[in-house]
Amino acid sequence: MSAATTDTLQILLAAGPGPGVGPLHDLRDAGRAALAKTGLPGRKTEIWKYTRLKALDGVAWTGPDARPEIDGDWIDAQAGFRDAWRIVLVNGRFDAGLSRLTDLPSAARIAPLPEAAGAHGAVAAALGQLANAERFPMVALNAACLEDGVAIGVEERALLEKPIHVVSITAPGAQPVAAHPRLLIRIGAGAQATLLESHLHLGDGAPAFTNAVLEIIVGEGARLGHYRIHDGPENALFVATTAVSVAGGAQYDAFALNIGAGLARNESMYKLDGERAEIAVNGAYLGVGGAHIDNTTFIDHARPNCQSQETFNGVLSDHARGVFQGKILVRPDAQNTDGHQMHKALLLSGKAEVDAKPELEIYADDVRCGHGATIGALDADQLFYLRARGVDEQAARALLIEAFLLDTVERIQDLAVREAFAEALTGRLRALQSSLAHGEAA
Amino acid sequence: MALLEIRDLQAEVDGKEILKGINLTVEAGEVHAVMGPNGSGKSTLSYVLAGREGYEVTGGEVLYDGENLLDLEPEERACEGLFLAFQYPVEIPGVAGTTFLRHALNAKRKYHGEDEYDAMEFVKFVRAKAKSLNLSDDMLKRPVNVGFSGGEKKRNETLQMAVLEPRLAVLDETDSGLDIDALKVVADGVNALRAPDRAMVVITHYQRLLDYVVPDKVHVMANGRIVKSGDKSLALELEERGYAHLLDAAA
Ligand SMILES: Nc1ncnc2c1ncn2[C@@H]1O[C@H](COP(=O)(O)OP(=O)(O)OP(=O)(O)O)[C@@H](O)[C@H]1O
Ligand SMILES: [Mg+2]
């Protein structure tokens, strides 16, 4: 660990609540202990090879206290999904005033993490199990700074008719702010729910660092749709570590949309932990300017007869950079596994870059697994076809870029979410149209 | 003034000379057929007219309605009424046929200072066009040409042509690979567009399309040049005797 990152770690820890007391102190202590061993991810951490957190250095990070006023209308406008139960976190802290949980059925329990961990042994026991602080330094940092967060529980066989929408806002006031949102989600056996996540930023230009951790337990035969959108300015750093376990016969459908201009890293671990579990984890990203967008996924086929499908499409312009690391592990026990992964990147400028690292590790013999990756420019034949029909070059490019990204959005199983994500994406593309117009076709 | 006048047009692709001095004049109201062996440069000519990148004009000129066509961007040529039905229509995954064609039609309308169609107006307009040609507009719901059979792609080109109502249509083997019914559809599409102020250049290998779309002139292209021109009887003659005697004579 370099001197700079050691200092950075001390600054970040000092911005947190300190060892203290309360139901989360065990977790905090464990996080600190783990960090004392590993430090922050650095040059030598293989899985962080392509993404550096150098922007964390030399910033006077502060805790969640200072925050600008936030009003509900702003959230409505930014986050959409008005017809959902809304959980608002500001700088990692649950904000009851901004949340909208009236008429939440009793089959769904939503509570601040300290309260839930204090009251329910199961919550306390589950915390930190899937997202392991010893193995993941960013999880350790989240734990070490943990003071709040939200626990969501859906009872067995409950069918929630509206989505639960987590709106996590990182809002620096005048000072740079480091936030560590934490969520624990438990979906009971046979239950069905949709979880939306909007990660937003609000501020006047001070740097923002978000280090979110989500642990999601999908019970037997349950169905969970889990859809995330992340947006943020150039000086925002966003790291989200998501650990999901999917029990037998359960279905998990996820999508991650990244359209932020700063650094974003989604690191996700999915464990197919019972027979006939099925997951679809897809995503799209759009990087402009100096954006850096990293999607790192680990799909762990631990049991037989499971299916996983993963498709990510990304568009990078200017000097933006994309990273896709996708590992699929098929354990010896996981016979009759279906696992398919695809990553496609469209580079709109000679300075845009992408690092793609697909990895299959297979120990069972009866498997159908595959991965593919393409990196290229816009298709010259398609561009010409459009232009030969009268569509000008700029509009033709925009149409092709949009189609490329929407191709994965189409995979979102929930129709309303699919439409909303498509709209978020097309809106952003329209705003960027002129800056995406340059560049060369293949 | 001719609608299209090609004078001594020379062009190369990847440094290789393909068109070696084409002369061709098409008057408004006429249909011209261009025939010729594989590799003679017919598609190259069509791409040069449409403005495809990589097709470098090294000599000669092309006047369209008296204006220098080669100065225009591909989209400007299209908006000015040039339409190329591609020999190999391009697949565009993720873009629905309706979206594609609405962009195309609205680009043209905007270019001419007309109001753009909204989605409803457009659907109505296209449906009427398709119906008049005995075509189904179902294929417009699918992504452009993706998974289409060869014949479906050609029908799609014909529908696009009908919707865009070009003044000069260049059809590059739009009749290839079609069954009899589809051939009729394409022929009807072409005939429906025939008008005193419009013209068509039909590139084909077969006489059978020309039974339905009777050409005013027939040209034979070989090795980057037009080696023979005549009336519709030339096509019949070629059908019988092939190109060999012409090529020998041209060599
Ligand atoms: N990129 C290229 N580089 C070199 N030669 C090329 C290139 N593209 C086309 N050609 C050559 O140009 C010549 C003319 O091709 P073109 O496609 O115009 O022929 P065509 O008359 O349309 O043939 P067909 O009847 O088979 O459609 C061919 O010999 C072809 O190989
Ligand atoms: Mg050809």
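Residues numbered from 1 in each chain as written. Chains lettered and ligands numbered in written order. Predicted model: local features only at pLDDT ≥ 70, side-chain atom pairs only at ≥ 80, totals over all residues. Heavy atoms only, no water.

What to know about the confidence of the model for chain B
Taken over all residues, the pLDDT of chain B has a mean of 93, while the share at 70 or more is 99%. Of the two predicted TM-score estimates for the complex, the pTM is 0.89 and the ipTM is 0.96. (pLDDT = per-residue confidence, 0-100.)

Comments concerning helix α8 (residues 232-241) of chain B
Residue and element names in this part refer to chain B. Inspection of α8 places L234, A235 and L238 among the buried residues, and these make up the whole buried set. Viewed along the axis of α8, the buried residues span an arc of 100 degrees, placing them on a single side of the element. α8 presents E240 and R241 as exposed residues on the side facing more than 90 degrees away from its buried surface. Immediately beyond the C-terminal end of α8, within one or two residues, lies G242, with a positive phi of roughly 75 degrees. (Buried < 20%, exposed > 50% of the residue type's maximum accessible area, 1.4 Å probe, protein only. Helix = DSSP H or I, 4+ residues; strand = E, 2+ residues; numbered from the N terminus. Arc of directions from axis to C-beta.)

Here we look at the site of ligand 1
All names here are of chain B. What surrounds ligand 1 is a group of 15 residues, the closest being G39, K42, S43, T44 and H205. Contact distances for ligand 1 include 3.0 Å between an oxygen atom and a side-chain N or O atom of Q87. Between an oxygen atom of ligand 1 and a side-chain N or O atom of E173, the distance comes to 3.3 Å. For ligand 1, whose unbound accessible area comes to 640 Å², protein coverage reaches 67%. Listing elements by their share of the shell around ligand 1, those giving two or more residues are β2 (16-26) and α1 (42-50). The greatest single-element share of the shell around ligand 1, amounting to 3 residues, is contributed by α1. Residues belonging to the shell around ligand 1 are distributed by class as follows: 3 nonpolar, 8 polar and 4 charged. (Near = heavy atom within 4 Å. Polar contact = N/O pair within 3.5 Å; in protein donor to acceptor, adjacent residues only side chain to side chain. Areas by Shrake-Rupley, 256 points an atom, 1.4 Å probe, with all protein chains shown as cover. Nonpolar A, V, L, I, M, F, W, Y, C, P; charged D, E, K, R; others polar.)

Details of the side chain of A:D148
Residue and element names in this part refer to chain A. Among the structural elements, D148 can be located in the loop between α6 (137-144) and β4 (150-154). Side-chain polar atoms of D148 contact the backbone nitrogen of F94, separated by 2.8 Å. Ignoring any residue separated from it by four or fewer positions in sequence, one finds D148 in contact with L24, G92, R93, F94, P112, L113, P114 and R182. (Contact = heavy atoms within 4.5 Å.)

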